Amino acid sequence: MPHKLMRMRRAESLRPAMLAIAGDSAAGKTTITRGLTEALGADRSTAVCVDDYHRYDREERGGLPLTPLHPACNHVQIMEQHLQLLAMGQPILKPVYDHRDGSLVRPRLVEPRDLVIVEGLLPLHTKLARACFDVTVYLDPPEPIRREWKITRDIRQRGYTREQVLTELARREADSAAFVRPQQREADIVVRFERIEGRENRSLSATLLLRPTIRHPNFAQILSRATTSAVHLKLTRDSDGGPVDALHIHGYADPLEADVVAKAIWHDLGVPEPLPVCLGLMEDGSRNEPLRITQLILLHHLIRAGVWRLPDE
Ligand SMILES: Nc1ncnc2c1ncn2[C@@H]1O[C@H](COP(=O)(O)OP(=O)(O)OP(=O)(O)O)[C@@H](O)[C@H]1O
Ligand SMILES: O=C(CO)[C@H](O)[C@H](O)COP(=O)(O)O
């Protein structure tokens, strides 16, 4: 049972805290990761994108009946090996896929820091890969929103036309259902940015399903200390019908009110540093409160996972 061995070996030794962020293309993984790594700093954190393990470049893929979401289109075994090495604090020589033109370029030496964030299409696809993580997240925006994000991003940054993106989205649907979306069930936290019907405000709200597979911050207590209408905790149903806690962050949250919650979450962590200012920052420089609180919660988990294994604790 290699995945059980991996869990045991990790429990025995001092090694980095590992966070996985899985989700379909343009689900928002890079946007969340960017804020986390900036907040933690390059000396404490490393980010790895497992889409770099694509087996074929864009041109080669064009002639194949495969989409990048299919495990056969990725070096999954090498990804597993590298995740195990990172999880044990070892360096890797990681392949690199350049999305600007779809080419596979010179590999990069990655030395894990105390906190490692791994994002991509399939980081939770296998048991062995999952065993490498302390905290697992799945980003689950509603399909119409993800499609909007993908169309805009792929046209602006990856050299595609609108028609090409629409064709590709249709081509990928079966593989997304078979290989990407099932990872939702494997995650400790499921994040959904969505538009709430009837709200005039166009900002997206965020709902975080907090599954009892890991220990979450005591939000009931944290929110009882922070008088605000920006965030609330509710009991909802998971996809299997079971009850699960969910934290809802309103898209219309007043930044001042959201700040009260952000400070309370940060304070709960007991870290003396000031609240990082880079959280909630979008690529265009705008600020997004639901994104900020989501990043803060993931940061809380990652730092806690790291602190728990310090030798004096
Ligand atoms: N919370 C959000 N609110 C508004 N827009 C968002 C949000 N998250 C992401 N986006 C938009 O969606 C686009 C895609 O996001 P991002 O690059 O983070 O996705 P990704 O999951 O890393 O994509 P890929 O796996 O294809 O590289 C971004 O250009 C960004 O503008
Ligand atoms: O699903 C994706 C994640 O970003 C990409 O489309 C996939 O990685 C292939 O990349 P590209 O479209 O840049 O060739």
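Reading the values: rules and limits
Residue numbering note: each chain is counted from 1, following its sequence as written. Following the order in which they are written, the chains are lettered starting with A and the ligands numbered starting with 1. Predicted model: local features are reported for residues with pLDDT of at least 70 only, side-chain atom pairs are reported and counted for 80 or more only, and whole-chain, interface and lining totals are derived from all residues. Heavy atoms from the whole structure form the basis of all side-chain values; hydrogens and water molecules are not counted. UniProt positions are given in the numbering used here, feature names are shortened, and annotations may be inferred rather than shown by experiment. Numbered from the N terminus, helices here are DSSP runs of H or I no shorter than four residues, and strands are runs of E no shorter than two. Our radius of gyration is a C-alpha quantity, and the globule rule it is checked against amounts to 2.2 Å times the number of residues to the power 0.38. A contact between two residues is defined here by any heavy atoms of the two lying within 4.5 Å. Working definition of accessibility: Shrake-Rupley area with a 1.4 Å probe, residue cover restricted to the visible protein chains. We score Asp and Glu as negative and Lys and Arg as positive, and we do not count His or the chain ends. To locate a charge, take atom NZ for lysine, CZ for arginine, CG for aspartate or CD for glutamate. Whether a residue is near a molecule or strand depends on its heavy atoms: it is near if one of them lies within 4 Å of it. Distance and chemistry together define a polar contact, namely a pair of N or O atoms within 3.5 Å, with one atom able to donate a hydrogen and the other to accept it when in protein, and with adjacent residues in sequence counting only for side-chain atoms on both sides. Classes in brief: Ala, Val, Leu, Ile, Met, Phe, Trp, Tyr, Cys and Pro nonpolar; Asp, Glu, Lys and Arg charged; the others, Gly included, polar. Here, a salt bridge means any side-chain nitrogen of Lys or Arg that lies within 4 Å of a carboxyl oxygen of Asp or Glu. Categorising residues by exposure relies on relative accessible area from a 1.4 Å probe, with only protein chains included: less than 20% of the type maximum marks a residue as buried, more than 50% marks it as exposed, and the intermediate range marks it as partly exposed.

In the nomenclature of an unreviewed UniProt entry, the protein chain corresponds to Phosphoribulokinase from the organism Planobispora siamensis. If you open the UniProt record of the protein chain and go to Sequence similarities (unreviewed entry), you find "Belongs to the phosphoribulokinase family." As its UniProt record puts it under Pathway (unreviewed entry), the protein chain is described as follows: "Carbohydrate biosynthesis; Calvin cycle."

Draft legend 1. Looking closely at the overall build of the protein chain. When helices and strands are counted, the protein chain shows 10 helices and 10 strands. Taking 2.2 N^0.38 as the reference for a compact globule, 313 residues should give roughly 20 Å; the C-alpha atoms of the protein chain span a radius of gyration of 19 Å, in line with that estimate. C-alpha atoms of the protein chain, sized along the principal axes, occupy 55 × 50 × 40 Å. The contacts of the protein chain with a sequence gap of at least 6 include a subset with a gap of at least 24, amounting to 70%. For the protein chain, the accessible area works out to roughly 15200 Å², and carbon and sulfur atoms hold 52% of it. With 43 positive and 42 negative side-chain charges, the protein chain shows a separation of 2 Å between the mean positions of the two kinds.

Draft legend 2. Inspection of the UniProt feature "domain: Phosphoribulokinase/uridine kinase" (unreviewed entry) in the protein chain at higher detail. Those places that UniProt annotates as "domain: Phosphoribulokinase/uridine kinase" (unreviewed entry) correspond, in this numbering, to residues 19-192. Helix makes up 39% of residues 19-192 and strand 23%, and the two end C-alpha atoms of the span are 18 Å apart.

Draft legend 3. Local environment of the site of ligand 1. Around ligand 1, 16 residues are found, and the nearest of them are Ser25, Lys29, Thr30, Thr31 and Arg153. At 2.7 Å from an oxygen atom of ligand 1 is found a side-chain nitrogen or oxygen belonging to Lys29. A distance of 3.4 Å separates a nitrogen atom of ligand 1 from a polar atom in the side chain of Trp149. Counting residues per element, the shell around ligand 1 draws most heavily on helix α2 (residues 29-40), at three residues. When its residues are assigned to classes, the shell around ligand 1 shows five nonpolar, five polar and six charged.

Draft legend 4. Here's a closer look at the site of ligand 2. Around ligand 2 lies a shell of 13 residues, among which His54, Arg58, Tyr97, Tyr160 and Arg172 are the nearest. Contacts to ligand 2 include Tyr97, whose side-chain N or O atom sits 2.5 Å from an oxygen atom. Note that an oxygen atom of ligand 2 is positioned 2.8 Å from one of the side-chain N or O atoms of Arg158. Contact with the protein chains removes 98% of the 360 Å² of surface that ligand 2 exposes when unbound. Partitioned by chemical class, the residues of the shell around ligand 2 number four nonpolar, three polar and six charged.

Draft legend 5. The pattern of salt bridges, seen in detail. Summed over all chains, the structure comprises 18 salt bridges. Arg195 is the partner of Glu148 in a salt bridge, and the nearest nitrogen-oxygen pair spans 3.7 Å. Taken together, the positions of Glu148 in helix α6 (residues 143-157) and Arg195 in the loop between β7 (189-194) and β8 (205-210) put the pair 47 residues apart, joining distant regions of the chain. With relative accessibility at 39%, the residue Glu148 sits in the partly exposed group.

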